Amino acid sequence: MTLYRNVLLMTLAMVLVGCDGATPSAENGMVLEGKTMGTVWRVSLSGVESARRAGLQQAIQQQLDADDHQISTWKSDSVLSRFNQYQGSEPQPVSADMADIVTEALRIGQKTDGEMDITVGPLVNLWGFGPTKVPTHTPSDAEIAAAKAKIGLQHLRVIQGGSGQWLQKDLPGLYVDLSTMGEGYATDHLARLMEREGITNYLVSVGGAVLSRGKNPSGNAWRVAIQKPTDRENAVQALVDLQGHGISTSGSYRNYYELDGKRLSHIIDPATGRPIEHRLVSATVIATTALEADGWDTGLMVLGEKRAQALALREHLAVYLITKEADGFHSWMSPQFRNFIIENPQK
């Protein structure tokens with residue numbers, strides 16, 4: 001799913017560390033890795049026999065390939081692409097998982113006043129962050145208005161019935177883009193796979209979405225390091241203990257390009273139809289599932305610092321924000337996030 005081709009640059013990559021501060025390795029546990037959706041996946045395990053490595057590697061890849069076939073906008077034969085290509089208004093059958101991810105996206109979209117909008121695909125494509133080429137010029141007001149006319153959560157509906165699930169749109173050109181939640185979606189599926197395999201001590205990640213259960217090979221809690229919003233890969237901003245939760249970070253500082261002498265972020269504000277320009281450079285969310293965390297972080301990034309803080313407090317979210325100021329980076333965390341902090345963040 002090439003949609004996520006720059007995902008390690010789009011989000012604050014989570015540096016996975018053990019409680020002793022060391023990256024889990026094959027010497028004190030099992031680490032499996034691979035590629036999916038244009039990014040990388042990583043599974044760190046404790047207490048699993050080495051003889052299971054090949055079987056687990058295959059099962060993980062098959063699961064992620066199946067997810068890719070569901071939600072890719074880069075593959076014309078994916079379930080989501082077929083829905084986007086459909087120009088009618090009749091309900092289209094989808095899997096229960098697809099219905100769940102869209103339902104969660106619509107819920108978070110409503111809570112963020114439409115700022116987390118999975119129908120923003122036409123604008124994402126217009127600005128060159130989708131499966132189209134980078135534009136040679138800044139989109140005009142007319143082009144932006146034309147793309148905005150094709151978006152809107154009110155045009156998308158999930159239908160749940162005893163015999164199945166369906167997606168329905170009342171705008172023929174509606175284009176659903178689930179890239180904002182795809183990593184969390186896939187990460188949760190890896191966690192479910194581990195449980196089905198009888199594995200209770202694991203840390204799984206797809207791109208910047210992470211979820212953990214149990215203990216690391218040292219017998220301690222898994223820790224996740226939130227990276228500083230810099231180009232230095234191992235610059236740690238804060239350490240957290242997920243306590244069995246999912247975590248995801250959205251950041252504006254890495255996935256960008258320059259057009260007409262201006263740096264453009266990949267995060268598009270559906271209200272303006274343009275890339276965000278405010279001081280908030282990253283938003284990290286811890287939630288019950290990686291999918292939920294992955295949905296909230298994008299919405300918070302679009303909202304900007306003050307509105308994101310207000311929403312986090314109103315919805316009792318575990319949120320960690322980093323803003324870029326004249327004197328450097330500053331952080332803010334909600335009361336709920338403090339419960340997961342191991343080491344105080346640097347200012």
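Residues numbered from 1 in each chain as written. Predicted model: local features only at pLDDT ≥ 70, side-chain atom pairs only at ≥ 80, totals over all residues. Heavy atoms only, no water.

Concerning helix α4 (residues 96–111)
Item 1. In this model, α4 (16 residues) spans 23 Å end to end at C-alpha, consistent with the 22 Å of a helix rising 1.5 Å per residue.
Item 2. If you check which residues of α4 are buried, you get Met98, Ala99, Ile101, Val102, Glu104, Ala105, Leu106, Ile108 and Gly109. (Helix = DSSP H or I, 4+ residues; strand = E, 2+ residues; numbered from the N terminus. Expected span 1.5 Å × (residues − 1). Buried < 20%, exposed > 50% of the residue type's maximum accessible area, 1.4 Å probe, protein only.)

Some thoughts on the environment of Val79
Item 1. Structurally, the position occupied by Val79 is in helix α3 (residues 79–85).
Item 2. The exposure class of Val79 is buried, given its relative accessible area of 13%.
Item 3. In the structure, Val79 is positioned 13 residues away from Gln92 in sequence and 9.8 Å away in space, judged by C-alpha atoms.
Item 4. When residues no more than four places from it in sequence are discounted, the contact partners of Val79 are His69, Gln70, Val94 and Met98. (Contact = heavy atoms within 4.5 Å.)

Overview of the side chain of Gln63
Item 1. With respect to the secondary-structure elements, Gln63 resides in helix α2 (residues 53–71).
Item 2. Looking at Gln63, the relative accessible area reads 18%, which means it is buried.
Item 3. There is a polar contact of 3.5 Å between the side chain of Gln63 and the side chain of His189.
Item 4. Non-local contacts of Gln63, meaning those with residues more than four positions away in its chain, are made with His189, Leu193 and Arg196. (Polar contact = N/O pair within 3.5 Å; in protein donor to acceptor, adjacent residues only side chain to side chain.)

Structural notes on the environment of Thr187
Item 1. Among the secondary structure elements, Thr187 is positioned in helix α7 (residues 179–196).
Item 2. In sequence terms Thr187 and Val210 are 23 residues apart; their C-alpha atoms lie 6.5 Å from each other.
Item 3. Beyond its immediate stretch of four places on either side in the chain, Thr187 contacts Val204, Ser205, Val206, Ala209, Val210, Leu211 and Ala290.

Here's the deal with the sheet that holds strand β6 (residues 164–169)
Item 1. Reading across from one edge, β4-β6-β5 is the order of the three strands in this open sheet, with antiparallel pairing throughout. The sheet is open, and its two borders are formed by β4 (92–94) and β5 (156–161), each paired with just one other strand. Neighbour to neighbour, the strand axes of the sheet diverge by 35° on average, direction disregarded.
Item 2. Inspection of the sheet shows β5 paired to β6 by six bridges, in the antiparallel sense. Residue pairing across strands places Arg157 opposite Gln168, the latter belonging to β6. (Pairing = 2+ DSSP bridges. Axes fitted to C-alpha atoms, helices over the stretch in contact; angles between N-to-C directions.)

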